[in-house]
Amino acid sequence: MAKQDQIASDEQIETAARMVLEGDYPIALTGAGMSVESGIPPFRGPGGLWTKYGEPPMNGFQIFLDNPKKAWEERLKPRNDELYRPLKVAEPNPGHRALVDLEAMGVLRFVITQNVDDLHRQAGQQNLAEIHGNWKLIRCLECTARFQPDAISVESLPPRCPKCSGLLKSDTVSFGEPIPPDVLRRCAEHSAHADLVIVAGTSATVYPAAGFALEVKERGGRLIEVNLYESEITRICDVSLRGGSAVVLPRMVAAVSRIRRAALS
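Now for a description of the structure that goes with this document. Just so you know, these numbers come straight off a predicted model, no measurement behind them.

## A closer look at the packing of helix α1 (residues 10-22) against helix α11 (residues 245-264)
Closest axis-to-axis distance for the α1/α11 pair is 8 Å, and the angle between their directions is 65°. For the pair α1 and α11, the crossing hand works out as right-handed. Contacts from D10, I13, E14, A16, A17, R18, V20 and L21 of α1 reach α11 at V248, R251, M252, A255, V256, R258, I259 and R260. Of the residues contributing to the contact of α1 with α11, the split by class is ten nonpolar, no polar and six charged.

## What to know about the side chain of N115
Tracing the backbone through its elements, the reader meets N115 in the loop between β2 (110-113) and α8 (119-123). The class for N115 is buried, based on a relative accessible area of 6%. A polar side-chain atom of N115 sits 2.9 Å from the main-chain carbonyl oxygen of G31. Within the local environment of N115, its side chain forms a polar contact with the side chain of S35, the two groups lying 3.3 Å apart. Contacts of N115, omitting those with residues within four sequence positions, involve T30, G31, A32, M34, S35, E130 and G133.

## Remarks on the sheet that holds strand β6 (residues 168-170)
One open sheet accounts for three strands, arranged β5-β4-β6; its pairing is antiparallel. Every interior strand has two partners, whereas the edge strands, β5 (146-147) and β6, have only one. Summarising the sheet, strand β4 (residues 138-140) and β6 pair through three bridges and their orientation is antiparallel. From the neighbouring strand, C140 faces β6, where its bridge partner is L168.

## Here we look at the nonpolar core
Core analysis: the largest hydrophobic core is formed by 29 residues, its most contacted members being L102, I198, I224, V226, L241, L249 and M252. Elements represented by at least two residues in this core include exactly α1, α7 (94-104), β7 (196-200), β8 (222-227), β9 (239-242) and α11. Of the residues forming this core, the biggest block, seven residues, is contributed by α11. Counting residues in each nonpolar core, the second largest holds 24 residues, with V173, I179, A204 and I233 among its members.

## A few points about unusual backbone geometry
Between L157 and P158 the backbone carries a cis peptide bond, its omega angle lying at -5°. Looking at where P158 falls in the secondary structure, it is placed in the loop between β5 and β6. Look at the link from Y207 to P208: it is a cis peptide, with omega at 10°. Among the structural elements, P208 can be located in the loop between β7 and α10 (209-218). Of note in the backbone geometry, D118 takes a positive phi value of approximately 75° without being a glycine. The topology assignment puts D118 in the loop between β2 and α8.

## Some words on the sheet that holds β7
Pairing is parallel across the open sheet formed by six strands, whose spatial order is β3-β2-β1-β7-β8-β9. The open sheet has two free edges, formed respectively by β3 (128-130) and β9, since each of these has just one partner strand. Across this sheet, the average inter-strand angle for adjacent strands is 15°, counted without regard to direction. Note: β7 against β8, five bridges, orientation parallel. Bridge pairing in β8 places I198 opposite I224. The strands that α1 touches are β1 (26-30), β7, β8 and β9; relative to β9, the one it contacts most, it runs at about 130°.

Calculation notes
- Residues numbered from 1 in each chain as written.
- Predicted model: local features only at pLDDT ≥ 70, side-chain atom pairs only at ≥ 80, totals over all residues.
- Heavy atoms only, no water.
- Axes fitted to C-alpha atoms, helices over the stretch in contact; angles between N-to-C directions.
- Helix = DSSP H or I, 4+ residues; strand = E, 2+ residues; numbered from the N terminus.
- Left-handed = near helix turned anticlockwise from the far one by under 90°.
- Contact = heavy atoms within 4.5 Å.
- Nonpolar A, V, L, I, M, F, W, Y, C, P; charged D, E, K, R; others polar.
- Buried < 20%, exposed > 50% of the residue type's maximum accessible area, 1.4 Å probe, protein only.
- Polar contact = N/O pair within 3.5 Å; in protein donor to acceptor, adjacent residues only side chain to side chain.
- Pairing = 2+ DSSP bridges.
- Core = buried A, V, L, I, M, F, W, Y, C linked by side-chain atoms within 4.5 Å.

If you want it as structure tokens, here you go:
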């Protein structure tokens, strides 16, 4: 793991805040680093669940399609393992709430998250795309409608969509499963307007999510990185803020508020 650099300075935070305010259409891309700060273990890397237990099958979606009844029977079994325990008790951290504050201020236009933990929703983020799905939701493979689990009857397995009778599965995107087209469409629409991306808690190397941020940069937009460590994209970022998002993002929000007040006084 890369060595953590010195925590972001007040001057760097101020520079990033001014960039955000100068942007016409700032968006954010978030990743596993934000989940870790809420107590959810990562999948990859040191201490990651896949590092410990091995990666899920790369053909997970095909396995589901081959026997959806069996997949649903497994889903409905009580689970309290090392992944589900943290997901059940995790709460949004100050980084999640900072992005909500930026949205409420009319500054941040959209958030693309690679996380499936539901924490952005719980924090109150409105303009949000969960590109890898949401572990709490059920999704129809035909019409892409999403449902809370208690809205779906499981008397007959596999359950069917109450809107179109399509096959239902967990909203979490499995290996080998295409990203739902409605999510990709929203990400593409918002990133096409974006001129700045706050990249928080991710090295922006997993596609297609990373592509949206990098396309903004290629068009001449700005990237602000918030990460504990130097990453693969640090060299192309306009500002790279060292530190966890739970610490750095609230500092950025405070700076944005301060600059705005000063401009109005």
